[in-house]
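# Coordinates in review
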Amino acid sequence: MLSQDEIEAIAEELAEADRNHGVIERITARYPHATVEDSYAVQGVWRDKNVAAGRRLVGRKIGLTSRAMQQATGITEPDYGVMFDDTVYENGSQIAFDKFSNVRIEVELAFVLKAPLEGPNCSIFDVLRATEYVVPALEVLNSHIQLEGRTIVDTISDNAAYGGMVIGGNPMAPDAIDLRWVSALLYRNETIEETGVAAGVLNHPATGVAWLANKFHQHGSRLEAGEIILAGSFTRPMWVSKGDSVLADYGPMGTITCRFV
């Protein structure tokens, strides 16, 4: 495992890369003995420094929720990161491309909680009872670590590759629609690139939220009322370049648009 000095040094490297929109060498290339626990420790140091600097935490993102992505990374459970208020964009936003080191888009659903959620035995039914509404969301992936050869340790350390979120469409109560059958069409510059169904997220998009509540319980914590939980992608990441427009059509749940300028 990494020493505390190494954890803090890596967290500062990632913070500097975030400020400069740069990319650093893979952590696992330099610290091959680093563990998943180390990566969450790095993320925690980075998070706490951002909170101390005045950024406001508004929610969590869950990643690696599809079986294909878990097999690709060699792990058997999702990962998670934090979301700050200045990373949330409204529908139709023009987003500064140069704010990021690289940009990929994923199609997701966001759960907005009206009550706290905690383990150890949180189920999807507990999630649905605690949810005020579910709303379409696009995740902007952004990596501050070299992509080639990257492992789960690198990704978690880098706040699970979270860069931002665009919320839009029609918010719905969790019992107003069968969330497993929510589908989406993802377009870049008026060309369809990806399609997906929300059941691809662990068979039900609320499953990842329940997993996260149970994971937090292991560390004596819980998800709080008012938090936004980005539940995981049901499409592959779509690369975006400067000047590209993005549209996601969720059918009855509406559309999300944004443009990278």
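Attention here is on the structure that accompanies the text. (Residues numbered from 1 in each chain as written. Predicted model: local features only at pLDDT ≥ 70, side-chain atom pairs only at ≥ 80, totals over all residues. Heavy atoms only, no water.)

## Thoughts on the overall build of the protein
Within the protein, the regular secondary structure consists of 7 helices and 13 strands. Taken against the 2.2 N^0.38 rule, which gives 18 Å for 261 residues, the C-alpha radius of gyration of the protein at 17 Å falls within 12% of a compact globule. By principal-axis analysis of the C-alpha atoms, the protein measures approximately 50 × 45 × 35 Å. Here the contacts in the protein between residues at least 6 apart in sequence split such that 77% fall between residues at least 24 apart. (Helix = DSSP H or I, 4+ residues; strand = E, 2+ residues; numbered from the N terminus. Rg over C-alpha atoms; globule rule 2.2 N^0.38 Å. Contact = heavy atoms within 4.5 Å.)

## Structural notes on the sheet that holds strand β13 (residues 255–260)
Taken together, the 5 strands give an open sheet; going across it, the order is β4-β13-β12-β8-β9, and neighbouring strands pair in mixed fashion. Each having just a single partner strand, β4 (93–95) and β9 (191–197) make up the two edges of the open sheet. On average, adjacent strands in this sheet sit at an angle of 20° to one another, irrespective of strand direction. Alignment of strand β8 (residues 183–188) against strand β12 (residues 245–249), held across 4 bridges, turns out to be antiparallel. Bridge pairing links L186 to A248 in β12. (Pairing = 2+ DSSP bridges. Axes fitted to C-alpha atoms, helices over the stretch in contact; angles between N-to-C directions.)

## A word on helix α3 (residues 36–52)
An ideal rise of 1.5 Å per residue puts 24 Å on 17 residues; α3 measures up with 24 Å between its terminal C-alpha atoms. Here α3 has its buried residues at D38, S39, Y40, V42, Q43, G44, V45, W46 and N50. Buried residues in α3 make contact with α1 (4–20), β2 (79–84) and α6 (152–157). Directly beyond the C-terminal end of α3, a positive phi value near 110° is found at G54. (Expected span 1.5 Å × (residues − 1). Buried < 20%, exposed > 50% of the residue type's maximum accessible area, 1.4 Å probe, protein only.)

## Digging into the nonpolar core
Ranked by internal contacts, the top residues of the largest apolar core, which has 69 residues, are L138, Y250 and F260. With 7 residues, helix α7 (residues 205–217) is the largest single contributor of residues to this core. Setting aside chain neighbours within four positions, we find F260 in contact with I95, F97, F100, V103, I105, V140, V240, S241, K242, G243, D244 and V246. In terms of nonpolar packing, the next biggest core, distinct from the first, is built from 10 residues, V58, V135, A137 and M165 among them. (Core = buried A, V, L, I, M, F, W, Y, C linked by side-chain atoms within 4.5 Å.)

## Examining the side chain of K61
Secondary-structure assignment places K61 in strand β1 (residues 57–63). The class of K61 is buried, set by a relative accessible area of 3%. Of note is the side chain of K61, whose polar atom sits 2.9 Å from the side chain of E139. Setting aside its immediate chain neighbours within four residues, K61 contacts D79, Y80, G81, M83, E139, L141, N159, A160, Y162 and L230. (Polar contact = N/O pair within 3.5 Å; in protein donor to acceptor, adjacent residues only side chain to side chain.)

## Some points on the pairing of strand β7 (residues 162–167)
Counting buried residues in β7 gives 5 out of 6 residues, a clear majority hidden from the surface. Pairing of strand β3 (residues 88–90) with β7 involves 3 bridges; the strand directions are parallel. Residue pairing for β7: Y89 is matched across the bridge by V166. In this sheet, β7 lies alongside strand β6 (residues 131–141) in antiparallel orientation, the contact comprising 5 bridges. Bridge pairing in β7 links L141 to Y162.

## Considering the layout of surface pockets
Approximately 260 Å³ is the volume attributed to the second largest pocket. Together, 18 residues line the second largest pocket, and D18, W46, R55, T87 and H144 are the ones closest to its centre. The set of elements that each furnish at least two residues to the lining of the second largest pocket consists of α1, β2 and β7. Split by residue class, the lining of the second largest pocket holds 6 nonpolar, 7 polar and 5 charged. (1 Å grid on protein atoms, 1.4 Å probe; cavity = no way out; pocket = protein on both sides within 12 Å on 5 of 7 lines; lining within 4 Å. Points joined across faces, edges and corners; volume = space filled by probe spheres on them. Nonpolar A, V, L, I, M, F, W, Y, C, P; charged D, E, K, R; others polar.)

## Let's talk about the packing of α1 against α3
Taken N-terminus to C-terminus, the directions of α1 and α3 make an angle of 55°; their axes are 9 Å apart at the nearest point. One way to sum up the angle between α1 and α3 is to call them oblique. For the element pair α1 and α3, the recorded crossing hand is right-handed. Along its contact with α1, which presents Q4, I7, E8, I10, A11, E12, L14, A15 and D18, the element α3 presents D38, A41, V42, V45, W46 and K49. Here the residues of the contact of α1 with α3 sort into 9 nonpolar, 1 polar and 5 charged. (Parallel < 35°, antiparallel > 145°, perpendicular 65-115°, else oblique. Left-handed = near helix turned anticlockwise from the far one by under 90°.)

## With respect to the packing of aromatic side chains
Going through the model one piece at a time under the given rule, you end up with 5 aromatic pairs. For the pair Y40 and Y80, a centre-to-centre distance of 4.6 Å together with 25° between the ring planes defines the contact as stacked. Taken together, the residues Y40 in helix α3 and Y80 in strand β2 connect sequence positions 40 residues apart. Owing to a relative accessible area of 16%, Y40 belongs among the buried residues under this scheme. Through a chain of ring-to-ring contacts, the aromatic side chains of Y40, Y80, W211 and F216 assemble into a single cluster. For R104, the ring lying beneath its charged end belongs to W239, and the centroid distance is 5.2 Å. (Phe/Tyr/Trp six-rings, centres within 6.5 Å; stacked < 30°, edge-to-face > 60°. Lys NZ or Arg CZ within 6 Å of the ring centre and 35° of its normal.)

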